[in-house]
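# Report on the structure
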Amino acid sequence: MLIKDLALDDDIRSLLIDRLGYTTLYPPQQKAIEEGLLKGESMLIATPTASGKTLIAMLASARIVKEGLGKVVYLTPLRALANEKYREFKILEEIKRDSLGLGRCNVMISTGDYDSSGDELNDADVIVLTYEKMDSLFRHRAEWIDDVRLYVFDEAHMLSDKERGATIEMIFARARMSSAQILALSATIKQC
């Protein structure tokens, strides 16, 4: 499937083609779109490394941002991975939302200070966090949490981790209780 043929906003299409150099979708990306990714459907994306899971998350995030629907939270198990995803998702700041009166997208990262209330993230549209930081923000009842419309759980197989699995499970349960779309990404989890 060609990206130019997708029912995408022109800004998002241009971002993907002109800035990132994408022209076609891999089969898992195409299937995610066919299954309702851009219509807010929650899904588990279980596909090998380098098969395009990040682009799937970026497409869903770009839709939320462009349409001014709310915030995106991208969760990772490691600070290094959070930094990598932050750098990748910074490109979403190029999306124009002038027609909605919202200005440009604001991408932020927070991976430390577990005693923070999260107020510094109020103005963010896309927030990259570690699982432990998200747990802290839930416990501190960050004001903006009800505005989240997409949760991305990267390395979702960590749910079975003996030490961290319970924390991730609690975050997942809270996300499921909201009206947000959920994307669980993994290269090693088996689909049921």
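Residues numbered from 1 in each chain as written. Predicted model: local features only at pLDDT ≥ 70, side-chain atom pairs only at ≥ 80, totals over all residues. Heavy atoms only, no water.

## Section: the packing of helix α5 (residues 131-139) against helix α6 (residues 165-177)
With their axes 10 Å apart at the nearest point, α5 and α6 run at an angle of 55° to one another. When the interaxial angle is binned, α5 and α6 end up oblique. Viewed along their axes, α5 and α6 form a crossing whose handedness is left-handed. Side by side, α5 and α6 meet where Tyr131, Met134, Asp135, Phe138 and Arg139 of the first sit next to Thr167, Ile168, Met170, Ile171 and Arg174 of the second. (Axes fitted to C-alpha atoms, helices over the stretch in contact; angles between N-to-C directions. Helix = DSSP H or I, 4+ residues; strand = E, 2+ residues; numbered from the N terminus. Parallel < 35°, antiparallel > 145°, perpendicular 65-115°, else oblique. Left-handed = near helix turned anticlockwise from the far one by under 90°. Contact = heavy atoms within 4.5 Å.)

## Quick word on the packing of aromatic side chains
Tallying each qualifying case throughout the model produces four aromatic pairs. Seen from their ring centres, Tyr151 and Phe153 are 6.4 Å apart, and the 35° between their planes marks the pair as tilted. Phe153 carries the same exposure label as Tyr151, and that label is buried. Taken together, a centroid distance of 5.2 Å and an interplanar angle of 70° make the contact between Phe153 and Phe172 edge-to-face. Of this pair, Phe153 sits in strand β5 (residues 148-153) while Phe172 sits in helix α6; the two residues are 19 residues apart in sequence, bridging distant segments of the chain. (Phe/Tyr/Trp six-rings, centres within 6.5 Å; stacked < 30°, edge-to-face > 60°. Buried < 20%, exposed > 50% of the residue type's maximum accessible area, 1.4 Å probe, protein only.)

## Let's talk about the side chain of Ser110
Tracing the chain through its elements places Ser110 in strand β3 (residues 107-110). The buried category is assigned to Ser110, whose relative accessible area is 10%. Residues contacting Ser110, with those up to four places away along its chain left out, are Glu120, Leu121, Val128, Leu129, Thr130 and Lys133.

## Describing the pairing of strand β1 (residues 43-46)
Judged by which residues are buried, β1 turns out to be one-sided: Met43 and Ile45 face inward and are buried, whereas Leu44 and Ala46, on the alternate face, are not. Examined bridge by bridge, β1 and strand β6 (residues 181-186) share four bridges and lie parallel to one another. Among the inter-strand pairings, Ala46 is bridged to a residue of β6, identified as Ser186. (Pairing = 2+ DSSP bridges.)

## Side note on the pattern of salt bridges
Here the structure, examined in full by the defined rule, presents eleven salt bridges. The salt bridge involving Arg13 is made with Asp10; its shortest N-O contact spans 2.9 Å. Of this pair, Arg13 and Asp10 both sit in helix α1 (residues 10-19), three residues apart, roughly one helical turn. Assessed through its relative accessible area of 16%, Arg13 is described here as buried. Asp10 gets classed as exposed once you look at its relative accessible area, which sits at 57%. Note that Lys85 and Glu88 form a salt bridge whose closest N and O atoms lie 3.4 Å from each other. Pair noted here: Lys85 and Glu88 are both in helix α4 (residues 79-89), with a separation of three residues, about one helical turn. Through salt bridges that share partners, Asp9, Asp11 and Lys66 make up one connected network. (Salt bridge = Lys/Arg side-chain N within 4 Å of Asp/Glu carboxyl O.)

## With respect to α6
In a regular helix each residue adds 1.5 Å, so 13 residues correspond to 18 Å; α6 covers 18 Å between its end C-alpha atoms and thus fits that length. Looking at the buried side of α6, the elements it contacts are β2 (71-76), α5, β5 and β6. (Expected span 1.5 Å × (residues − 1).)

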